[in-house]
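Residue-level structural notes
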Amino acid sequence: MSNIEVTFVSTALLLTAFLLTVRFDRRPGEKRLGFFRRNGLVVGLYLILCVAFWCIVTFVMPMVYMVDLSFHPKLPPSMAGGPEDVFTLVNYRMLLFGSPTSTDEWNWLHLRSFFGTIGISIALTFFNFAVSYPIAYYMAQSASVSRLRVIVLLLIIPYWVNDILRAFAFRILLSYSGFMNSLLIWLGITDTPVDFIGANVALYLALVYSNLLIMIFPLYNAIEAQDHNQIEAARDLGASWWHIHLFVVMPHAKPGIASGMTLSFMLMAGAIATPLVLAGPHSLWFTPIIYDRFYQLFDWPQGAAYAIALLLACILFVLGVMKITGLKLGEITK
Amino acid sequence: MALTTAVEFERVRVDFGPFTAVHETDLEIGSGEFFSFLGPSGCGKTTLLRAISGFVEPSSGRIRIGGADMAGVGPNKRPTALIFQNLALFPMMSVAENVGYGLRVRGVARGVRQEKVGRLLDQVALSQHADKKVSELSGGQRQRVAIARALAVEPKVLLLDEPLSALDLKLRQHMRRELREIQQRVGITFIYITHDQGEALTMSDRIAVMNAGRIEQVGDGRTIYAHPQTPFVASFVGETNAIHGRVASVSGELATVDTPLGPLTGRNIRHLSPGATATLFVRPELVRLSAAEGDCSIHGTLSEMAFEGSMTHLTLRTPTDTRIAAMLVAADLSRLPGEGAPLTASFTPASAVVLPEAAQAA
């Protein structure tokens, strides 16, 4: 089977499975107003076509295509579909062992980067939460309406600057002879410049900075929905501030926290522009490695395998966190 | 009245920007007292309550609780507990966890805590609901959870901010009795905020009637109802007929007021002098249809009659188009003429009060 065939067949299977689950979900004997009766034929068709296009053509099919690609060897176009185009695990073997044949040695360079990316993304997500929570709490429970408007504006305006520009700005700010080092030396805090880029401080700061809003808004939504009297009631019953936040506000905001943290984590682990510009020589964020598979080695199957490994690891991690915190997907999207 | 003072206000004033929510207030509330602040919304009663609980700092003056100055003491350090209007129970906690929250933040050991929570839930008849979520309870049950949660921290003063307003009438009347019983049982000071005079009159030892940031009168329910000191108190607490005029003459305890309905006489409790503008107040239930010697009489026609079972409300319309309300018990109905018939209403001078005309009188 060729790539295209596999893609179409798998997509069709997924679609059938989805329709079947919908069918099983419907309670027997339940009378509901039909979809077309409710929306009219034209609007109904438009909705179905749009959603179908969005889900199938722009999401499911490319994904399935990539998964399929990752199980094929790298071949010139003329040999695609030929006798050598077989299913193989060689691309995943490359990630694990750094060689298509030998399994003697682990591919430490890539694996360290892989787990490092996930580990640091987790740490940065917590850091992001620590920065965002007070801001979100202030916006949701303390700020006056006019103050809130100013804060939201101040938070949003920096996002008009695009990712690459922002990354270079951080580079200028934090490079060896950059603004921050000049300032530190001028203030007499240090004699020799600090290597912010080499120590990855610049990368981590930029990653957290670009994901602040992603964290703040779900938190704000969740905290804002809490009755302020509950916070006062806890205070009145003798609770200290940290106790109120830990046992009254955060449990209430749990869906928002989970939603902000998963989004922030996913986006950090998958960020590409920021690591390309800001990563120090000793750090290998995993995404530039994937990028190199595609555009330096021109080995798309291997790139696909690397990308899918990262995606799976992220999904597993998020599912694991949800399992531990007892949250359901529906709650996060509330 | 109680021997010791639980809460003391000394020249307490609260400003919100240019707006003065509470003007200089002096007040002492005795320990073990059931004390109510009664007034319309926006009169400053909730601000006073929040000042006691510590959520609002007075702009000037002092608040003492149990003799200790509360200036700079946060809400979490005060010997008070507040029951919020919407109760503010914690939805993510069970009933027992709600009740035990105050003990948990105080670091009370789990065993002691559970035992105490159990006892409190027993007292409010919620033992079998201990592990339920708050959202699974009825309105009255939630009310009792809020009371138990507040009592758990053993406050010296329990503050209640219109906690019954969300309940339906039957439940509200039941909870009035229950609150009063709980107060008598635990013996601590209850400070109750309400705009419902029925609640204030049935439960309280003493009532402070508030209007526009000022306490107009403090006293027990009967005194406030029978001897209002200001026009606002007279018209806010209970129904009343207000007849405006000018003091014509004063003799002893009584003053005669010249009104469009003729000279009417009432008790001159504020010692007004002849010539002062004044309003005479008389309660509908003290208006009678049979005049005796020395009574004041008002002539008019019977314009409305509303039968309400045990009571009948009558409206007398005078030639000058003033309406006088009267309330008769069922037994008196036999003597009534039909609607539109001429009627004379009367009252004894002792049942009416003459008060000075106030600018802000309702």
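Placed above this text is the structure.
The paragraphs below set out a description of the structure included in this document. (Residues numbered from 1 in each chain as written. Chains lettered and ligands numbered in written order. Predicted model: local features only at pLDDT ≥ 70, side-chain atom pairs only at ≥ 80, totals over all residues. Heavy atoms only, no water.)

1. Some details on the environment of Ile120(A)
With respect to the helices and strands, the residue Ile120(A) is situated in helix H5 (residues 108-142). If we skip the residues at most four places from it in the chain, Ile120(A) touches Tyr204(A) and Trp285(A). (Helix = DSSP H or I, 4+ residues; strand = E, 2+ residues; numbered from the N terminus. Contact = heavy atoms within 4.5 Å.)

2. Re empty space enclosed by the protein
One simple way to see leftover space: roll a probe sized like a water molecule over the atoms. Per the stated rule, a full pass over the model turns up two cavities of 30 Å³ or more. When its volume is computed, the largest cavity comes out at roughly 50 Å³. Ala233(A), Asp236(A), Leu237(A), Ala81(B), Leu82(B), Ile83(B), Phe84(B), Leu87(B), Ala146(B), Arg149(B) and Ala150(B) together form the lining of the largest cavity. Looking at the lining of the largest cavity, the elements with two or more residues in it are helix H11 (228-236) of chain A together with strand S6 (80-83) and helix H4 (139-152) of chain B. Class assignment of the residues belonging to the lining of the largest cavity gives a composition of nine nonpolar, no polar and two charged. Taken as a whole, the second largest cavity encloses approximately 30 Å³ of empty space. For the second largest cavity, the full set of lining residues is Val287(B), Leu289(B), Leu302(B), Leu314(B), Thr315(B), Leu316(B), Ala326(B), Leu343(B) and Ala345(B). Elements that contribute at least two residues to the lining of the second largest cavity include exactly strand S16 (311-317) and strand S18 (342-347) of chain B. When residues in the lining of the second largest cavity are grouped by element, the largest group, three residues, is from S16(B). A per-class count over the lining of the second largest cavity returns eight nonpolar, one polar and no charged. (1 Å grid on protein atoms, 1.4 Å probe; cavity = no way out; pocket = protein on both sides within 12 Å on 5 of 7 lines; lining within 4 Å. Points joined across faces, edges and corners; volume = space filled by probe spheres on them. Nonpolar A, V, L, I, M, F, W, Y, C, P; charged D, E, K, R; others polar.)

3. A short note on the side chain of Lys45(B)
Residue and element names in this part refer to chain B. Tracing the backbone through its elements, the reader meets lysine 45 in helix H1 (residues 45-53). Among the polar contacts listed, one links the side chain of lysine 45 to the backbone oxygen of proline 40, at a separation of 3.3 Å. Those residues in contact with lysine 45 that lie beyond four places of it in its chain are Phe37, Leu38, Gly39, Pro40, Glu162, Ile193, Thr194, His195 and Met210. (Polar contact = N/O pair within 3.5 Å; in protein donor to acceptor, adjacent residues only side chain to side chain.)

4. Re the pairing of strand S13 (residues 262-267) of chain B
Residues and elements named next belong to chain B. In terms of burial, S13 is a largely internal element, five of the six residues being buried. Here strand S12 (residues 254-259) pairs with S13 via six bridges, running antiparallel. Across the sheet, residue threonine 256 finds its bridge partner in S13, namely threonine 265. What sits between S12 and S13 in their antiparallel hairpin is a turn of two residues. (Buried < 20%, exposed > 50% of the residue type's maximum accessible area, 1.4 Å probe, protein only. Pairing = 2+ DSSP bridges.)

5. Re the pairing of strand S4 (residues 60-65) of chain B
Along any regular strand, the residues point their side chains to alternate faces of the sheet. Residue and element names in this part refer to chain B. Relative to S4, strand S1 (residues 5-16) runs antiparallel, the two sharing five bridges. Bridge pairing in S4 places phenylalanine 9 opposite isoleucine 63. The loop that links S4 with its antiparallel partner strand S5 (residues 68-69) comprises two residues; one of these, glycine 66, has a positive phi angle of about 55°.

6. Here we look at unusual backbone geometry
All names here are of chain B. With a phi angle near 75°, leucine 87 is a residue other than glycine that sits in the positive phi range. Tracing the chain through its elements places leucine 87 in the loop between S6 and helix H2 (95-105). What makes leucine 87 buried here is its relative accessible area of 9%. One non-glycine residue, histidine 271, adopts positive backbone phi at about 55°. Tracing the backbone through its elements, the reader meets histidine 271 in the loop between S13 and strand S14 (277-282). Overall, the relative accessible area of 63% leaves histidine 271 in the exposed class.

7. So, the interface of chain A and chain B
Of the residues lining the interface, 19 residues belong to chain A; the matching set on chain B comes to 24 residues. Between chain A and chain B the total buried area reaches about 1,800 Å² when both faces are included, carbon and sulfur atoms providing 58% of it. It is Glu232(A), Asp236(A) and Leu237(A) in chain A that bury the most area against chain B; as a group they hold 40% of the surface buried on that side. At the boundary of chain A and chain B, one finds one salt bridge. (Buried area = accessible area lost by both parts, 1.4 Å probe. Salt bridge = Lys/Arg side-chain N within 4 Å of Asp/Glu carboxyl O.)

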